[in-house]
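Structural description and commentary
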Amino acid sequence: MRNITTLLLLTALTTPFNLAWAETAEEKGLAIAVEADNRDKGWQDSRAEMRMTLRNKQGKESVRVIRVANLEMDGDGDKGITIFDEPRDIKGTAFLTFSHSLVPDEQWLYLPALKRVKRIASKNKSGPFMGSEFAFEDISSFEIPKYSYRYLKDEVVNGEESFVIEAIPQYKHSGYTRIEMWIDKAEYRTQKMDFYDRKNSLLKTNIFSDYQQYLDQYWRAHKMTMENHQTGKSTVLDWSNFEFRTGLTEKDFEKNDLKRQR
Amino acid sequence: MTLNVNVKQLGLFAGVLLALPLTSVAYELSGYSAVEGQYFLHDSPFSEPENTVLSAVFAPEFYTQWDEGNQSLLISPYFRLDSEDSERTHLDLHEFIWQKSTDDWELKVGVGKVFWGVTESQHLVDIINQTDLVENSDTEDKLGQPMINLSLFNEWGTVELFILPYFRERTFPGKDGRLRSQFVVDTDHAQYESSAEQGHLDAAVRWSHSLGDWDIGLSHFYGTSREPIFEFNPVNFKLTPYYEIIHQTGLDIQMTTESWLWKLEMIRRHSDSDTFTALTGGFEYTFYDVAESGIDVGLIAEYLFDDRDNALLTPFENDLMIGSRLAWNDEQSTELLFGIIQDLDTDDRMWSVEASRRLGYRWKASLEARIFSVDRDNSALYSIRDDDYIQLEFARYF
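As a starting point, this report considers the structure included with it. (Residues numbered from 1 in each chain as written. Chains lettered and ligands numbered in written order. Predicted model: local features only at pLDDT ≥ 70, side-chain atom pairs only at ≥ 80, totals over all residues.)

1. A short note on the pairing of strand β15 (residues 260–270) of chain B
All names here are of chain B. Filter applied, for reference: Paired strands, in this sense, are two strands between which DSSP finds at least two bridges. Helix and strand assignments follow DSSP, with helices taken as H or I runs no shorter than four residues and strands as E runs no shorter than two, numbered in order from the N terminus.
Here strand β14 (residues 245–256) runs beside β15; their pairing, made up of ten bridges, is antiparallel. If you follow T249 over to β15, its bridge partner there is R268. What sits between β14 and β15 in their antiparallel hairpin is a turn of three residues. In this sheet, strand β16 (residues 275–287) lies alongside β15 in antiparallel orientation, the contact comprising eleven bridges. Residue pairing across strands places I267 opposite A278, the latter belonging to β16.

Right, here's the structure in full:
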């Protein structure tokens with residue numbers, strides 16, 4: 001993926017000089033996405049805890065407690081481990097994901113009751129993650145080549161002057177025809193995303209809030225609120241205890257490591 | 001009641017306990033307790049067993065780690081109290097294991113559990129732990145196994161070395177238990193090929209690796225067979241289990257593409273009495289998020305083969321399993337697994353349904369039903385021909 005990214009970078013860098021007056025909406029959209037991606041490079045590895053609150057139409061809530069560890073990969077999608085602490089019946093269940101831009105991700109699931117590590121099929125993009133309003137594709141790592149981009153307009157959202165760009169999934173089996181993203185001009189943070197389903201109707205909105213900066217560079221939203229407009233259900237992710245550059249390496253993201261997670 | 005913990009094991013645990021650090025560490029207690037009801041649809045062909053069985057399970061788990069998470073101790077005893085069968089009332093130590101992990105190797109000492117394999121209908125390659133047959137006739141429940149296990153992580157795969165210093169006998173239903181054999185198994189007088197009996201030093205080695213879409217494992221086991229052969233004892237009208245010394249080589253392969261899992265497990269086992277090959281092979285295909293409902297529907301088909309001539313030794317000489325796995329992916333994690341195993345040479349057939357759903361936050365309900373349709377009296381399943389049952393379990397997790 002490094003070559004593609006490099007090519008995209010070159011395009012993004014050279015375009016303004018050569019074609020400043022003829023920059024298309026596609027070029028501008030891509031340049032914004034590339035800038036946002038570049039600003040989030042170099043964090044190396046991270047750990048965080050997440051509390052996921054599922055709320056149904058009647059307002060009834062149910063909670064999941066999850067820990068995640070991620071490893072930034074040079075020229076490829078990130079590696080990640082997700083461990084469930086609650087509900088208790090799935091405590092110790094863990095996912096290992098090697099995400100890729102356009103080729104299918106590799107994924108393993110550990111079932112602690114059986115002590116069994118299962119390689120699982122990677123086609124599942126649009127299905128719900130743990131009964132939530134987040135689909136697997138919503139929580140996988142962001143990679144530039146996964147989408148094609150188009151700049152739409154400027155708009156103020158969450159009090160931030162933002163670019164609005166459209167991202168169209170280029171990977172297979174997405175549940176979306178397109179995603180609209182609000183990216184603030186000040187720090188290139190995603191403020192809001194609108195997801196359009198396969199029939200191109202508005203399906204979900206994800207609002208990002210409580211941003212905090214780490215290592216003087218990396219912004220992380222501590223709250224993500226995903227609302228499903230079609231079902232009235234919502235899911236809130238509350239993130240906490242972010243840690244960066246904790247010394248994790250590729251050796252901490254292997255199949256064997258799944259069994260060790262507690 | 002059978003107490004499966006013995007003195008040697010206790011000695012091992014004492015050693016582990018002494019290795020515990022005295023500095024402050026975090027402890028964690030979790031686990032579950034459950035009540036289970038089984039209803040058998042027909043009267044047993046034998047006089048003793050009842051049609052309704054109630055039981056309760058207590059399975060706590062104690063865990064602690066130190067040395068920045070590089071060392072840990074896990075203790076998980078398991079106790080079931082059964083209203084009918086004194087053999088099914090049992091205490092076992094599923095795990096009591098100390099673990100030291102580094103980037104390149106991992107050492108485990110104590111009583112542990114290990115799973116090898118990829119298929120769904122049966123688990124041929126999985127040999128380290130003894131089957132706890134009183135728990136469930138599907139052979140998926142296991143007893144804790146004393147072990148020293150060193151795993152070496154290499155670029156070219158993981159090598160696991162096992163020394164298994166003590167053998168665990170298989171559990172069998174007693175005379176009051178359902179799913180029993182006509183003549184009950186005399187678990188108090190097991191016979192062994194090795195003069196060391198349960199103290200025979202078993203050993204195993206396994207290499208496993210992930211290569212792109214392929215996950216491969218190759219293993220060899222030398223030691224006491226987990227599967228006994230039986231000798232009829234005319235004095236007490238019981239079956240005496242006889243545990244041979246075996247060599248077993250196992251291969252398990254899974255190829256994973258977008259929606260397909262292709263699976264193969266194969267073993268070759270050699271003992272004084274027999275040498276045979278068995279395999280399970282097939283696929284699982286999943287339709288994800290069917291009609292944007294969030295529901296996944298998987299289709300499973302596996303072929304089961306065993307070249308042992310004696311039909312009493314295995315019910316799966318030439319069988320086909322067809323099944324389906326449904327996952328609702330809802331808030332309650334509702335799941336259902338349905339399967340039929342059809343003998344391709346006779347009309348013998350086994351139906352199975354397993355379903356589960358979380359209730360509230362701490363409870364989980366599990367439903368299980370099996371129907372045995374057995375047509376010949378020389379079948380390995382003949383004694384359980386009238387043991388069709390429905391089982392419901394409510395578990396509370398803490």
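Now, onward.
2. A closer look at the sheet that holds strand β9 (residues 191–192) of chain B
All names here are of chain B. What the three strands build is an open sheet, ordered β9-β13-β12; its pairing is mixed. Strands at the two margins of the open sheet, each flanked by one partner only, are β9 and β12 (229–233). Strand direction decides the pairing type here: β12 and strand β13 (residues 238–243), joined by five bridges, are antiparallel. Looking at β13, one finds that N233 is bridged to K238.

3. Thoughts on helix α2 (residues 25–39) of chain A
Selection criterion: Any helix carries an expected span of 1.5 Å times its number of residues minus one. Three exposure classes are used, all based on how many other C-beta atoms lie within 10 Å of a residue's own C-beta (placed from the backbone): buried at 20 or more, exposed at 12 or fewer, and partly exposed between those limits.
In a regular helix each residue adds 1.5 Å, so 15 residues correspond to 21 Å; α2 of chain A covers 21 Å between its end C-alpha atoms and thus fits that length. Residues of α2 of chain A that are buried include every one of G29, L30, A31, I32, A33 and A36 of chain A, and no others.

4. Describing unusual backbone geometry
All names here are of chain A. P87 follows E86 through a cis peptide bond whose omega is 0°. Structurally, P87 is set in the loop between β3 (79–86) and β4 (94–98). The backbone of N241 sits at a positive phi, close to 50°, despite the residue not being glycine. Following the sequence through the fold, N241 ends up in strand β13 (residues 234–244). Residue N241 is classed as exposed on the basis of its 9 C-beta neighbours within 10 Å.

5. Observations concerning the interface of chain B and chain A
Inclusion rule: In this description, any two residues whose backbone-derived C-beta atoms lie within 7 Å of each other are considered to be in contact. Note that Gly is not counted as nonpolar here; it falls among the polar residues with everything else outside the nonpolar set of Ala, Val, Leu, Ile, Met, Phe, Trp, Tyr, Cys and Pro and the charged set of Asp, Glu, Lys and Arg.
Listed per partner, the contact involves 35 residues of chain B and 27 residues of chain A. For the side of chain B that touches chain A, the secondary structure elements donating two or more residues are β3 (52–66), β7 (145–154), β14 and β15 of chain B. Class assignment of the residues belonging to the side of chain B that touches chain A gives a composition of ten nonpolar, 13 polar and twelve charged.

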